[in-house]
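Each chain is listed here by its residues.
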Amino acid sequence: MNYFYLLLAMTFSATITVGGRLYNTKNKDRRNVSGLYNLLTPCSAALSWLVLWCLDFSFDAGVLPYSLLYGVGYSCFTVGVLGALNSGSTALTGLVKQLALVGVSLWGFAFWGTEFTLLSGVGIVLIVISLAMCLLTGKKEEKAGSLTKWLGYAALIVIGNAGCSIVQRYQQMAFDYQHKNMLMFFGVFFAFLFMLVLSRKEEKTDWAAALRTTWPFPALAGCSSAASNVFMLLLVKNRMSPVILYPGVAVGGLMITTLISRFCFRERLRPMQWCGLAVGAAALVLLNL
């Protein structure tokens, strides 16, 4: 059953990127609509978690600080994903989104007593090689412009995605694997409030048109985020090792995102970037052994 949960977690993790990509594609001629996506995504996630929380209600005020930290991480992740998709490819953004989960495994080596092996060390080295192959193969003007912007958003993805997973695990361990629905509802609700404050001064001329025609895409991303985390938290509760759980979600999510970017969005990657993706997948497999 654990590996079935793992399959569902990686599938829903991949569809988060799909929602952002579709939103950008449909709104390419509209201005300043990123804030709307960043607002609707945590809103839909919060509604999903509210239903789950009501079905399995529990409350402990001590969980709220964890939720606040989760909200900060989720905000960084949401802004980073849409910005990276707007300035780079779906496949490479998916690679960074999934590799961010490897950071959780590294945290496990340092703070959770996870065993460090030779295969783990080789996997980490291959991850560095994979990123270099994917990112250092563009034209000079791309490196000076869009790549710099993409790297900034990629950093937000890494910080946000890894931070959220680390906070989740700490909260579950501290509260005997209870209150996960409360943690997640307030976490994404805090993220919604953060996005609401940030969007107050944005120009909203095209928001109404974007909301009418593309609201399902942030809803897809938010609901997929909730679904992915449901199964990840179940695996945390079932004591699945961080070295298996997070790289496992990363491997599957990376492969699904890459296939979607190639066959649905017709994105063309350079041969070196395909090799980089393959090296990244191999690295994640080694970390999963």
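Placed above this text is the structure.
The shown structure was predicted, so the numbers you read here are calculated from the model rather than taken from an experiment.

S.K.: Hey, could you go over the overall build of the chain for me, with residue numbers and the actual values?
M.R.: Within the chain, the secondary structure is distributed over 13 helices and zero strands. Sequence-ordered secondary structure for the chain, helices as α and strands as β, is α-α-α-α-α-α-α-α-α-α-α-α-α. Expressed as lengths along the three principal axes of its C-alpha atoms, the size of the chain is roughly 50 × 50 × 30 Å. Every one of the 289 residues in the chain was classed for burial, and the buried ones make up 53%. Residue pairs in contact within the chain that sit at least 24 positions apart in sequence constitute 88% of those at least 6 positions apart. For the chain, the centre of its 22 positive side-chain charges and the centre of its 11 negative side-chain charges are spaced 7 Å apart.

S.K.: So, the side chain of Ser-228: which residues are in play, and what are the values?
M.R.: Here Ser-228 lies in helix α11 (residues 216-237). Looking at Ser-228, its side chain comes within polar contact range of the main-chain oxygen of Ala-9, at 3.1 Å. Residues contacting Ser-228, with those up to four places away along its chain left out, are Ala-9, Phe-12 and Ser-13.

S.K.: Explain helix α5 (residues 102-111) residue by residue, including any values.
M.R.: Along α5, the positions that sit buried rather than exposed are Val-102, Val-104, Ser-105, Gly-108 and Phe-109. End-on view of α5: buried residues confined to an arc of 155 degrees, all on one side of the axis. Those residues of α5 that are exposed and angled more than 90 degrees off the buried face are Ala-110 and Phe-111. Just beyond α5, the residue with positive phi is Gly-113, at close to 75 degrees.

S.K.: Go over the environment of Gln-98 with me, naming the residues and quoting the values.
M.R.: Among the structural elements, Gln-98 can be located in helix α4 (residues 90-99). With 60 residues separating them in the primary sequence, Gln-98 and Val-158 have C-alpha atoms 8.7 Å apart.

S.K.: So, the packing of aromatic side chains: which residues are in play, and what are the values?
M.R.: Per the stated rule, a full pass over the model turns up 15 aromatic pairs. Aromatic side chains Tyr-70 and Tyr-74 sit 6.1 Å apart centroid to centroid with 25 degrees between the ring planes, which places their arrangement in the stacked category. Here Tyr-70 pairs with Tyr-74, and both are found in helix α3 (residues 64-87), just four residues apart, close to one helical turn. Both residues of the pair, Tyr-70 and Tyr-74, belong to the buried class. Ring pairs connect the aromatic residues Trp-53, Phe-57, Phe-185, Phe-186, Phe-189, Phe-190 and Phe-192, which therefore count as one cluster.

Analysis parameters
Here the residue numbering is sequential within each chain, running from 1 through the sequence in written order. Side-chain atom pairs in this predicted model are given and counted only at pLDDT of 80 or more, local residue features only at pLDDT of at least 70, and totals for whole chains, interfaces and linings cover all residues. Excluded from the side-chain calculations are hydrogens and water; all other atoms, namely the structure's heavy atoms, are used. By the criteria applied, helices consist of DSSP H or I runs no shorter than four residues and strands consist of E runs no shorter than two, each listed in order from the N terminus. Per-residue accessibility, obtained with a 1.4 Å probe over protein chains only, is compared with the maximum for each type, and a residue is labelled buried under 20%, exposed over 50%, and partly exposed between these values. What makes two residues a contact is simply this: any of their non-hydrogen atoms within 4.5 Å. Two residue types count as positive, namely Lys and Arg, and two as negative, namely Asp and Glu; His and chain ends fall outside the count. Every charge is mapped to an atom, namely NZ of Lys, CZ of Arg, CG of Asp or CD of Glu. What qualifies as a polar contact is a pair of N or O atoms within 3.5 Å, subject to a donor-acceptor requirement within protein and to the restriction that residues adjacent in sequence count only when both atoms come from side chains. Working definition: the arc comes from the directions between the helix axis and the C-beta atoms, pointing outward to the latter. To pair, rings of Phe, Tyr and Trp, with the six-membered ring standing in for Trp, must have centres within 6.5 Å; the planes then decide the type, stacked if under 30 degrees apart, edge-to-face if over 60, and tilted in the middle.

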